[in-house]
Amino acid sequence: MTAPAPARRGATVWLTGLPSAGKTTLACALAERLRAEGHRVEVLDGDEIREFLSKGLGFTREDRHTNVTRIGFVAQKLAANGVKVLAPVIAPFADARDAVRERHAANSTPFLEVHVATPLDVCSARDVKGLYAKQAAGEISGLTGVDDPYEVPENPDLRLRTEGRSTADTVAELHRLLIRKGLV
């Protein structure tokens, strides 16, 4: 049996990083490029998943683990059926990310971990959702990377630096990773 053509081969690209690092922006831009090339693509945005699939979960370590593994389950199922899955999800704990990677490996489904390595001060300045301002004002607590932990991936498939770079430039780097891995 021959391997499916890259356009028909599914995979999960997990984009992890701090809030406002640029994960969703990059995932949506890469999705647009991949669709234009003829790939089937789904973006499993962490915020949307919390609203529709993980509603009711809080932000305890256990709830975060449950949320990440749910997303990983859906991603693996889609990827196993020929979809390029882009998952812009904070996933602050290494053990949850490892569980997702292991599920993919157990099912022979390609999985790439991309650390969107945007410094905290840049994320705070972007503050897309106003979370950093709310945390600074004492309105919320448990903000990942500020007063809740974020475990930086030790050996991601790509450590993507976004500071001072255009979206097009960073998406091109992501695309090159997919080419190197034989996924596009």
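Residues numbered from 1 in each chain as written. Predicted model: local features only at pLDDT ≥ 70, side-chain atom pairs only at ≥ 80, totals over all residues. Heavy atoms only, no water.

## Overview of the packing of helix H1 (residues 23–36) against helix H7 (residues 167–180)
Then step 1. Interhelical geometry of H1 versus H7 gives an angle of 60° and a closest axis separation of 9 Å. Classified by chirality, the crossing of H7 by H1 is right-handed. Only Thr-167, Thr-170, Val-171, Ala-172, Leu-174, His-175 and Leu-178 of H7 make contact with H1, whose side of the interface consists of Thr-25, Leu-26, Ala-29, Leu-30, Arg-33 and Leu-34.
Then step 2. Looking at the contact of H1 with H7 residue by residue, the class counts come to eight nonpolar, four polar and one charged. (Axes fitted to C-alpha atoms, helices over the stretch in contact; angles between N-to-C directions. Helix = DSSP H or I, 4+ residues; strand = E, 2+ residues; numbered from the N terminus. Left-handed = near helix turned anticlockwise from the far one by under 90°. Contact = heavy atoms within 4.5 Å. Nonpolar A, V, L, I, M, F, W, Y, C, P; charged D, E, K, R; others polar.)

## What about helix H3 (residues 61–80)?
Then step 1. With 20 residues, H3 should cover 28 Å at 1.5 Å per step; its first-to-last C-alpha distance of 28 Å lies within 8% of that length.
Then step 2. For H3, every residue scored as buried is listed here: Asp-63, Arg-64, Asn-67, Val-68, Ile-71, Gly-72, Ala-75, Gln-76 and Ala-79.
Then step 3. Those residues of H3 that are buried lie in contact with strand E1 (11–16), helix H2 (46–52), strand E3 (84–88) and helix H4 (94–106).
Then step 4. Of the residues one or two after H3, Gly-82 is the one with positive phi, at around 90°. (Expected span 1.5 Å × (residues − 1). Buried < 20%, exposed > 50% of the residue type's maximum accessible area, 1.4 Å probe, protein only.)

## Overview of the pattern of salt bridges
Then step 1. Within this structure, the stated rule accounts for ten salt bridges.
Then step 2. Across the pair Asp-47 and Lys-129 runs a salt bridge whose closest N-O atoms are separated by 2.6 Å. With Asp-47 in helix H2 and Lys-129 in the loop between helix H5 (120–126) and helix H6 (131–136), the pair connects residues that are 82 residues apart, well separated along the chain.
Then step 3. The partly exposed category is assigned to Asp-47, whose relative accessible area is 41%.
Then step 4. On the accessibility criterion, Lys-129 (46% relative accessible area) is partly exposed.
Then step 5. Among the salt bridges present, the one from Glu-113 reaches Arg-101, with a minimum N-O distance of 3.6 Å. Of the two residues, Glu-113 is situated in strand E4 (residues 111–116) and Arg-101 in helix H4; the sequence distance between them amounts to twelve residues. (Salt bridge = Lys/Arg side-chain N within 4 Å of Asp/Glu carboxyl O.)

## Focus: the nonpolar core
Then step 1. Membership of the largest hydrophobic core comes to 27 residues, with the highest contact counts inside it found for Leu-15, Leu-86, Val-114 and Leu-174.
Then step 2. Where this core is concerned, the elements lending two or more residues are E1, H1, strand E2 (41–43), E4, strand E5 (158–160) and H7.
Then step 3. Looking at which element gives the most residues to this core, the answer is H1, with five residues.
Then step 4. Not counting residues within four places of it along the chain, the set of residues in contact with Leu-174 comprises Leu-15, Leu-26, Leu-30, Val-114, Leu-158 and Leu-160.
Then step 5. The next biggest cluster of nonpolar side chains, apart from the first, holds 15 residues, and it includes Ile-49, Ile-71, Val-83 and Val-100. (Core = buried A, V, L, I, M, F, W, Y, C linked by side-chain atoms within 4.5 Å.)

## Thoughts on the pairing of E4
Then step 1. Counting buried residues in E4 gives six out of six residues, a clear majority hidden from the surface.
Then step 2. Of the two faces of E4, the one holding Phe-111, Glu-113 and His-115 and the one holding Leu-112, Val-114 and Val-116 are both buried throughout.
Then step 3. Bridge analysis of E1 against E4 gives five bridges, and the strand direction is parallel. The residue of E4 that forms the bridge with Trp-14 is Glu-113.
Then step 4. Where E4 meets E5, three bridges bridge the pair, whose relative direction is parallel. Its bridge partner lying in E5, Val-116 is registered against Leu-160. (Pairing = 2+ DSSP bridges.)

## Things to note about the sheet that holds E5
Then step 1. Taking strand neighbours across the sheet as the criterion, the five strands line up as E2-E3-E1-E4-E5 in an open arrangement whose pairing is parallel. Because the sheet does not close on itself, it has two edges, and the strands there are E2 and E5. Adjacent strand axes in the sheet meet at a mean angle of 20°, parallel and antiparallel pairs treated alike.
Then step 2. Along the sheet, H1 makes contact with E1, E2, E3, E4 and E5, crossing E3 at roughly 165°.
Then step 3. Each of E1 and E4 touches H4; the most contacted strand, E4, lies at about 155° to it.

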